[in-house]
Amino acid sequence: MNPVGLDIRNVALSFGDTPVLRDIELSVVPGEFFALLGPSGSGKSTLLRLIAGFNRHQRGEVLIGGRDVTGIPPWERNVGMVFQNYALWPHMTVAQNVAFGLEERRLAGADIRNKVAAVLELVGLADYATRRPGQLSGGQQQRVAIARTLAIEPQVLLLDEPLSNLDARLRVQTRKELVRLQRRLGITTIFVTHDQEEALTTCHRVAVMDQGVIQQVGAPMELFDHPVNRFVAQFVGTANLFSGTVRGEGGALRFASPQLGDIVLPAGLAAREGTGDLTFRPHAVRIGADDAPGLRLEGRVESAEFLGEFLRYELRVGESVIVADVPHARGRAPLELGSSVPLSVPTSEIRWVGSEP
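In this text, all values refer to a predicted model and were calculated from it rather than measured experimentally.

About the criteria used
- Residues numbered from 1 in each chain as written.
- Predicted model: local features only at pLDDT ≥ 70, side-chain atom pairs only at ≥ 80, totals over all residues.
- Heavy atoms only, no water.
- 1 Å grid on protein atoms, 1.4 Å probe; cavity = no way out; pocket = protein on both sides within 12 Å on 5 of 7 lines; lining within 4 Å.
- Points joined across faces, edges and corners; volume = space filled by probe spheres on them.
- Helix = DSSP H or I, 4+ residues; strand = E, 2+ residues; numbered from the N terminus.
- Nonpolar A, V, L, I, M, F, W, Y, C, P; charged D, E, K, R; others polar.
- Salt bridge = Lys/Arg side-chain N within 4 Å of Asp/Glu carboxyl O.
- Buried < 20%, exposed > 50% of the residue type's maximum accessible area, 1.4 Å probe, protein only.
- Phe/Tyr/Trp six-rings, centres within 6.5 Å; stacked < 30°, edge-to-face > 60°.
- Pairing = 2+ DSSP bridges.

Engineer: Can you break down the layout of surface pockets residue by residue, with the values?
Structural biologist: In this model, the largest pocket occupies a volume close to 560 Å³. Listing elements by their share of the lining of the largest pocket, those giving two or more residues are strand E6 (79-82), helix H2 (94-104) and helix H4 (138-151). Partitioned by chemical class, the residues of the lining of the largest pocket number 11 nonpolar, four polar and three charged. By volume, the second largest pocket amounts to about 280 Å³. Looking at the second largest pocket, it is lined by 16 residues, and the ones nearest its centre are Asp-225, Ser-348, Glu-349, Ile-350 and Arg-351. Secondary-structure elements contributing two or more residues to the lining of the second largest pocket are helix H7 (220-225), strand E14 (274-280) and strand E20 (351-354). Grouping the amino acids of the lining of the second largest pocket by side-chain chemistry returns seven nonpolar, five polar and four charged.

This is the structure we're talking about:
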């Protein structure tokens, strides 16, 4: 089956008087692995269920493969959904669980057996056909749920927090398997998660959601390096953020903020006059003397955390704290608490997020 695209046009959904989705505009290209990323209550699972047909929007269109599926029930949309709790029948074997959707479609017995065998081979569970869900690990149960969905040959695969029930190590392993499977099948896939690491490491593109609004859509690196607003900068990775006002003075730009005071911004920074946020990532902060063009500050070491690959410092600068991540080197002593150190941030690593992105 050739992959299809998904288009959501001007969709709005409310539960009673409470708006849940606001003017959603989104296009997913055929064969794309796409993530809906956001905190609890952002509307991402509601949007996924709307695509599946379990929620009904009050305005707009949902098109799958160019066909408007608004008003079409879930079982006629040809989408497959893997739920957070997997929703496996505990009294059925793995093979019986996978066959369930095929039996509902009244396929011939031989066709069902062949399809079940094929998808279990695909997800690496061919030797587990006679076991029951209670005899499987969490990762294996998740693969059974995916196999059951793939067996009906959906045009779009919907994954609702599929890794949230797994422990940290198994989550990493399973998401890699999920990526390999999606790349192999080429099926259009939409993946809901609140975990930024899951979204950034698995998907081609990500839509960051908050309060029922899509804040930004882009490739993982684009979201990390070029957030369009304060929410995206904070939610995608760790960020140092300072609100204030930029004004021109004598051919230079000055930034005034309650946290940093009044400072001169480095030449070449793409900032403009007005209010907004100055932001840079912890790994961009250089500690010690540095002649490269950039922002220069003086900080006092308030805390240090050893996180294996790097040390994370909190540095007091004026009324604010700047977080800096310094790569760990064997034998290098950490900075002494209370000591004063020069800081710099290269101009290329600083992002100005104005009040109008």
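Engineer: How would you explain the pattern of salt bridges if you had to name every residue and give the values?
Structural biologist: Evaluation of the coordinates by the stated rule reveals 15 salt bridges. Note that Glu-249 is salt-bridged to Arg-247, the shortest N-O span being 3.3 Å. Given a relative accessible area of 30%, Arg-247 falls into the partly exposed group.

Engineer: Hey, could you go over the packing of aromatic side chains for me, with residue numbers and the actual values?
Structural biologist: Evaluated as defined, the whole model comprises six aromatic pairs. Judged by centre distance (5.7 Å) and plane angle (50°), the ring pair of Trp-89 and Phe-100 falls under tilted. Residue Trp-89 is found in the loop between E6 and H2, and its partner Phe-100 is found in helix H2; the two are separated by 11 residues along the sequence. Ring geometry for Phe-231 against Phe-235: centres 5.5 Å apart, planes inclined by 10°, an arrangement best described as stacked. Highlighted residues: Phe-231 and Phe-235, both in helix H8 (residues 230-235), separated by four residues, approximately one helical turn. Across this residue pair, the class does not change: Phe-231 and Phe-235 are buried.

Engineer: Break down the pairing of strand E12 (residues 252-257) for me, citing the residues and quoting the values.
Structural biologist: Where strand E11 (residues 240-249) lies against E12, five bridges are found, and the strand directions are antiparallel. Its bridge partner being in E12, Gly-248 is matched across the sheet by Leu-253. Where E11 folds back on E12, the antiparallel hairpin that results is connected by two residues, among which Gly-250 adopts a positive phi of roughly 60°. Sheet analysis places E12 next to strand E13 (residues 261-264), joined by four bridges and oriented antiparallel. Bridging across to E13, Phe-255 finds its partner in Ile-263. The antiparallel hairpin formed by E12 and E13 contains three residues in its connecting segment.

Engineer: Please provide a residue-by-residue account of empty space enclosed by the protein, values included.
Structural biologist: Here the idea is plain: a probe the size of a water molecule rolls over the atoms and shows the empty space left. All chains considered together, the criterion is met by two cavities of 30 Å³ or more. Computed from the structure, the largest cavity encloses a volume of approximately 50 Å³. Together, Phe-33, Leu-150, Leu-157, Leu-159, Leu-178, Leu-181, Gln-182, Leu-185, Ile-187 and Thr-189 line the largest cavity. Of all elements in the fold, only strand E7 (156-160) and helix H5 (168-185) reach the threshold of two or more residues within the lining of the largest cavity. Take the lining of the largest cavity: its biggest share by element is four residues, from H5.

By themselves, these observations are geometric and do not establish any function.
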